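Examining the three-dimensional arrangement
Here is what each chain is made of, one letter per residue.
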Amino acid sequence: MSDYRINFGKIIGPYDTNKLIDMLSIVNKDDELVITLDGSDGHQTEEVRRILEMNGFYVTQKGGHDDNKYHIHAKRR
C-alpha cells in the first residue's frame with residue numbers, strides 16, 4: 001500500500017489536471033491518493049472530484065480548519 005500526494009495552488013489549470021490524470025494510472029486498489037487545494041478557492045474541487053470519479057475512484061473531501069486547505073482523499077473502486 002502506498003500513499004500518493006498532490007498539492008495544487010489557488011488556480012487549477014490544464015497542467016494540474018494533466019498531472020492528476022498521469023498520477024491516476026499508477027494508483028492501485030490498495031493505495032490512497034490525497035490531493036490538497038487552497039481552501040479559499042474550494043469551488044475548484046468539483047473538477048478534481050469529477051476527474052477522480054470518472055476514473056473509478058471513491059472520493060471523500062475534508063476541509064482543514066487550521067490550515068485553510070481542502071483535502072480530497074481518493075481510493076480506487
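Residues numbered from 1 in each chain as written. Predicted model: local features only at pLDDT ≥ 70, side-chain atom pairs only at ≥ 80, totals over all residues. Heavy atoms only, no water.

1. Some points on the pairing of strand E1 (residues 3-7)
Where E1 lies against strand E2 (residues 32-38), 5 bridges are found, and the strand directions are parallel. Along E2, the bridge assignment pairs arginine 5 with valine 34. (Pairing = 2+ DSSP bridges. Helix = DSSP H or I, 4+ residues; strand = E, 2+ residues; numbered from the N terminus.)

2. Some details on the packing of aromatic side chains
The geometry of an aromatic ring pair is captured by two quantities: the separation of the ring centres and the angle between the planes. Inspection of every chain in the model, using the stated rule, returns 0 aromatic pairs. Residue placement shows arginine 77 over the ring face of tyrosine 58; its charged tip is 5.5 Å from the ring centre. (Phe/Tyr/Trp six-rings, centres within 6.5 Å; stacked < 30°, edge-to-face > 60°. Lys NZ or Arg CZ within 6 Å of the ring centre and 35° of its normal.)

3. Notes on the pattern of salt bridges
Overall, the coordinates contain 2 salt bridges when judged by the stated rule. A salt bridge links arginine 50 to glutamate 47; the shortest N-O distance between them is 2.7 Å. You can see arginine 50 and its partner glutamate 47 sitting in helix H2 (residues 45-54), 3 residues apart, about one turn around the helix. The exposure class assigned to arginine 50 is partly exposed, which follows from its relative accessible area of 39%. Look at glutamate 47 and you get partly exposed, because its relative accessible area is 35%. For arginine 49, the salt bridge goes to glutamate 53, with nearest N and O atoms at 3.5 Å. Of this pair, arginine 49 and glutamate 53 both sit in helix H2, 4 residues apart, which is roughly one turn of that helix. (Salt bridge = Lys/Arg side-chain N within 4 Å of Asp/Glu carboxyl O. Buried < 20%, exposed > 50% of the residue type's maximum accessible area, 1.4 Å probe, protein only.)

4. What about helix H1 (residues 14-24)?
The complete set of buried residues in H1 reads Asp16, Thr17, Leu20, Met23 and Leu24. Within H1, the buried residues cover an arc of 120° as seen down the axis, which keeps them to one side. Those residues of H1 that are exposed and aimed more than 90 degrees away from the buried face are Pro14, Tyr15 and Asp22. If you follow the buried residues of H1, they end up packed against E1, E2, H2, strand E3 (57-63) and strand E4 (69-76). (Arc of directions from axis to C-beta. Contact = heavy atoms within 4.5 Å.)

5. Details of the confidence of the model for the chain
In this model, the chain carries a mean pLDDT of 88, and residues with pLDDT of at least 70 account for 92%. Confidence scores differ between elements of the chain, with E3 showing the lowest mean pLDDT of 87 and E1 the highest of 95. (pLDDT = per-residue confidence, 0-100.)

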